[in-house]
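A look at the structure
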Amino acid sequence: MFNTTRSIPPPTSLLRQTRYDSEDVYDALNIVFHSKCYLCETKEPHDVNVEHFDPHLGDNNKKFDWNNLYLSCGRCNNIKLAGHTNLLDCCDSRQDVFRAIKHLPAPTPYAKRVQVIAVSKDVKTEETQKLLEKIYNSEHTVNKKVSGAFLRKKIFDQYNLLLDQVNSFYSPTATDLEKEVAISKIKVLTDSSAPYSAFMRWCILEDEKLCMLLEL
């Protein structure tokens, strides 16, 4: 997961309580969440939803509450539904959701699992880890099996881009300029706006030298 800031005011349609998923809400959420699903971090998902962090269950105050609306892909929204209500909040500046759960990509493009490990034992972290485990690794239906494999493959592809730059930085023949370029590209790949940034950032956290250079 990645931390973000809800730095823009509520869209007009929410103030009027007309629709919680109108175009102005989508546009605003795309800015807040960097056009990513806040759970799986897929960039510009094909099936995008406006998701209620706390299920509204018919309560209009929750239904149209700007602070309760999150950008989600349809797959993650379908897995979460109303069954996970005590999660880490990526919009809460008091919670470092990135460091709370360790994300490590699969070693091969078609491996059946990525690693999603709760770093602490508090209730919200463990509940969030359980949800992310389902999102990335569950095969409880044929659809989830196929879409999960596709998701893990996209994470691996992004990881390969990161490895290319790490190898460039550590190449014994790398010039200072080449190292500088590699670090710049790693910064792009590990930025919160990048797809699957939690996986990329955790890979760098395992490297003391790169972690220091990138100030993670």
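Summary of the structure given here. (Residues numbered from 1 in each chain as written. Predicted model: local features only at pLDDT ≥ 70, side-chain atom pairs only at ≥ 80, totals over all residues. Heavy atoms only, no water.)

Digging into the packing of aromatic side chains
Inspection of the entire model under this criterion finds 9 aromatic pairs. With centroids separated by 6.3 Å and ring planes inclined at 55°, the aromatic side chains of Tyr38 and Phe53 adopt a geometry described as tilted. Taken as a pair, Tyr38 in the loop between α2 (23-32) and β1 (48-52) and Phe53 in the loop between β1 and α3 (60-63) lie far apart in primary sequence, 15 residues in all. Accessibility assignment for this pair places Tyr38 and Phe53 in one class, buried. Here Phe53 and Tyr70 contribute two aromatic rings whose centre-to-centre distance is 4.8 Å and whose plane-to-plane angle is 25°, an arrangement assigned as stacked. Highlighted residues: Phe53 in the loop between β1 and α3 and Tyr70 in strand β2 (residues 69-73), separated in sequence by 17 residues. The exposure class of Tyr70 is buried, given its relative accessible area of 1%. (Phe/Tyr/Trp six-rings, centres within 6.5 Å; stacked < 30°, edge-to-face > 60°. Helix = DSSP H or I, 4+ residues; strand = E, 2+ residues; numbered from the N terminus. Buried < 20%, exposed > 50% of the residue type's maximum accessible area, 1.4 Å probe, protein only.)

Quick look at α2
Residues separated by three or four positions in an α-helix point in the same direction, a consequence of the helix having 3.6 residues per turn. Of the positions making up α2, those classed as buried are Val25, Ala28, Leu29 and Val32. Around the axis of α2, the buried residues are gathered within 100° of arc, so they sit on the same side. Across α2 from its buried face, at more than 90 degrees, point the exposed residues Glu23 and Ile31. Of the surrounding elements, those touching the buried residues of α2 are α1 (12-15), β1 and β2. (Arc of directions from axis to C-beta. Contact = heavy atoms within 4.5 Å.)

Some remarks on the pattern of salt bridges
A full pass over the atoms with the stated rule returns 10 salt bridges. For the salt bridge of Glu139 with Arg152, the shortest nitrogen-to-oxygen distance reads 4.0 Å. Taken together, the residues span a long stretch of sequence, with Glu139 in the loop between α6 (123-137) and α7 (142-170) and Arg152 in helix α7 at a distance of 13 residues. Notably, a salt bridge pairs Asp157 with Lys153, separated by 3.1 Å at the nearest N-O pair. Placement of both Asp157 and Lys153 in helix α7 is noted, with a separation of 4 residues, approximately one turn of the helix. Residue classification places Lys153 among the partly exposed positions, given a relative accessible area of 22%. (Salt bridge = Lys/Arg side-chain N within 4 Å of Asp/Glu carboxyl O.)

Digging into the state of the cysteines
By the definition in use, this model includes 0 disulfides. Among the cysteines around Cys37, which has no disulfide bond, Cys76 carries the closest sulfur, lying 3.8 Å off. For Cys37, a relative accessible area of 0% puts it in the buried group. Free of any disulfide, Cys211 has its nearest cysteine sulfur in Cys203, 12 Å distant. A relative accessible area of 14% places Cys211 in the buried class. (Disulfide = S-S within 2.5 Å.)

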